[in-house]
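# Chain and residue survey
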Amino acid sequence: MNAAYSNKSNRIRSVGCAVLCVTATSCTPTTPLSVSSCTQTSNYLGAPLRAPVSPSTFLLEIAPVSDLTASATRRLDQAFETAFSATGAASMTAAVWQVGGEHWTRAQGADLGDLHYWASVGKLLTGATLLRLDADGRLSLDDPVSRYLDDVPNGNLITLRMLLAHTAGLPGAGEVPQSTAATGALTLSDEIEWLQTHGPFGCPCASWQYSNSGYALLGGVIESVTGLSYDAAVTDLLLSRGTVTNLRMVARDDALNDIVPLVTPQQARPFDVRAAQAAGGAVADTRSMSQFLLDLLSGQIVPLAQVMEMFAELYPMDDPGLWYGAGAMVYDVPGDRGTTLWFGHSGGAPGATAIVAYSPLQSAIVAVAITGSGSAEASANLLLAALNVGP
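Quantities reported herein were computed from a predicted structural model and do not represent experimental measurements.

This paragraph deals with the overall build of the protein. Counting its regular elements, the protein contains 10 helices and 15 strands. Out of the 391 residues belonging to the protein, those deemed buried represent 58%. Put simply, 67% of the contacts in the protein that link residues at least 6 apart link residues at least 24 apart.

Now for the pattern of salt bridges. Applying the stated rule across the entire model yields 11 salt bridges. A salt bridge links D143 to R147; the shortest N-O distance between them is 2.9 Å. For D143, a relative accessible area of 8% puts it in the buried group. Residue D258 pairs with R248 through a salt bridge whose shortest N-O separation is 2.8 Å.

Our next topic: the state of the cysteines. This model, assessed by the stated rule, comprises two disulfides. Each disulfide pairs two cysteine sulfurs, and for C38 the partner residue is C203, the sulfurs being separated by 2.0 Å. Across the disulfide from C38 to C203, rotation about the S-S bond amounts to roughly -100°, and the bridge is consequently left-handed. Of this pair, C38 sits in the loop between strand 4 (27-29) and helix 1 (55-58) while C203 sits in the loop between helix 5 (188-198) and helix 6 (212-226), placing them 165 residues apart in sequence. Owing to a relative accessible area of 13%, C38 belongs among the buried residues under this scheme.

With that settled, consider the sheet that holds strand 10 (residues 315-316). Strand order in the open sheet made by the eight strands is 6-5-15-14-13-12-11-10, with antiparallel pairing throughout. Looking at the sheet topology across the chains shown, the edges are occupied by strand 6 (104-108) and strand 10. Note that strand 12 (residues 329-333) and strand 13 (residues 340-349) share five bridges and pair antiparallel. Each residue of the ladder has a partner; that of D332, found in strand 13, is L341.

Low-pLDDT portions of the prediction should not be read for the details of their coordinates. Scored by pLDDT, the protein has a mean of 86; 84% of the residues are at 70 or more. Low confidence marks residues 1-15, where pLDDT is under 50. Its contacts with residues over four positions away, or in another chain, come to 54 contacts. Residue range residues 21-34 is modelled with pLDDT below 50. Its contacts to residues more than four positions away, or to other chains, number 40 contacts.

As a further point, take the sheet that holds strand 9 (residues 282-284). Read across the open sheet, the three strands follow the order 7-9-8; overall the sheet is antiparallel. Looking at the sheet topology across the chains shown, the edges are occupied by strand 7 (116-117) and strand 8 (247-249). Alignment of strand 7 against strand 9, held across two bridges, turns out to be antiparallel. Bridge pairing in strand 9 links Y117 to V283. Contacts from helix 8 (residues 286-297) reach strand 8 and strand 9 within the one sheet, and its direction differs from that of strand 9 by about 120°.

Mapped onto the fold, Y315 is located in strand 10. On the basis of relative accessible area, Y315 is assigned to the buried category, the value being 2%. Spatially, the C-alpha atom of Y315 lies 8.8 Å from that of T167, the residues being 148 residues apart in sequence.

Definitions and cut-offs
- Residues numbered from 1 in each chain as written.
- Predicted model: local features only at pLDDT ≥ 70, side-chain atom pairs only at ≥ 80, totals over all residues.
- Heavy atoms only, no water.
- Helix = DSSP H or I, 4+ residues; strand = E, 2+ residues; numbered from the N terminus.
- Buried < 20%, exposed > 50% of the residue type's maximum accessible area, 1.4 Å probe, protein only.
- Contact = heavy atoms within 4.5 Å.
- Salt bridge = Lys/Arg side-chain N within 4 Å of Asp/Glu carboxyl O.
- Disulfide = S-S within 2.5 Å.
- Pairing = 2+ DSSP bridges.
- pLDDT = per-residue confidence, 0-100.
- Axes fitted to C-alpha atoms, helices over the stretch in contact; angles between N-to-C directions.

Here's what the structure looks like:
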């Protein structure tokens, strides 16, 4: 959990939580909260938030032609070979889209079009589904979770927006190694029982901490509102509105016989990709995942006013330069040309890593999925760097 802070300058912002700490110069450390129940939400006391980004930076307009020249394509091929060799991965597949043209795609250790597991990248789809329901007037992100689910600790105070942003003060069963949820499936009832047993670690809004259990609750909300299973609801509300052809959400009874197997060390417990559901239940090829982000950021499947909610309040994650919004991540990526801004989401599970991100600097979307070892983010950075050189 990030260190908590108090405010010296009394500067206040508010979107989902009352935010007391905005810049590093206005905050000093205090003691983190540790409570079992709360009577009201807290002011946000965590590490400083990121400065807001302009909506024009992350919203995409689809251009009629591609900027991927023959020389750029050759550089992408070379960058992919370098990345695959460096990772030592069992399989890696990647896609790059730039300025509205055809996707460049490559794969090693698997065939183009094979479905890979995207782990927490699936949170993008959960967030977008909630935003679609909000746009349709079927719920509000500021509704308390108790409106839809019973027995959630502090459920009358925790809003859907807080769950999306990981500021609800709830721990995550999947982040505890000895928990069944670390490798196997918990039902929604199991998740709620686990949360009741372990209790909140702080009052809602007080701090940021990643929680897969929070997203399991959001999956339950989606099912409560729609009357559909989580995977069917995402398909109906999102995927049916877009142009993606090879992406699906894993159902609880999925046979998994068309998915590239995760590669874990022999001593590791196998991870069941059916476990995560709303916390990360997407399988896709890289072209389709890249196309999904294009559909999302261009307003094809969720109105742009709701897409903007994903980046309205950006909380610091545990690693420097990473920020979390409402179901989406922002990356400040250091490099030779200064800091590059990305919008998207990363994912990781035993035996798989993945990322899909939009880089305004190159007007490009990159998607990378890996089984076995290796950094999807580093591989994505190599591919985007290949677009910076020459015509």
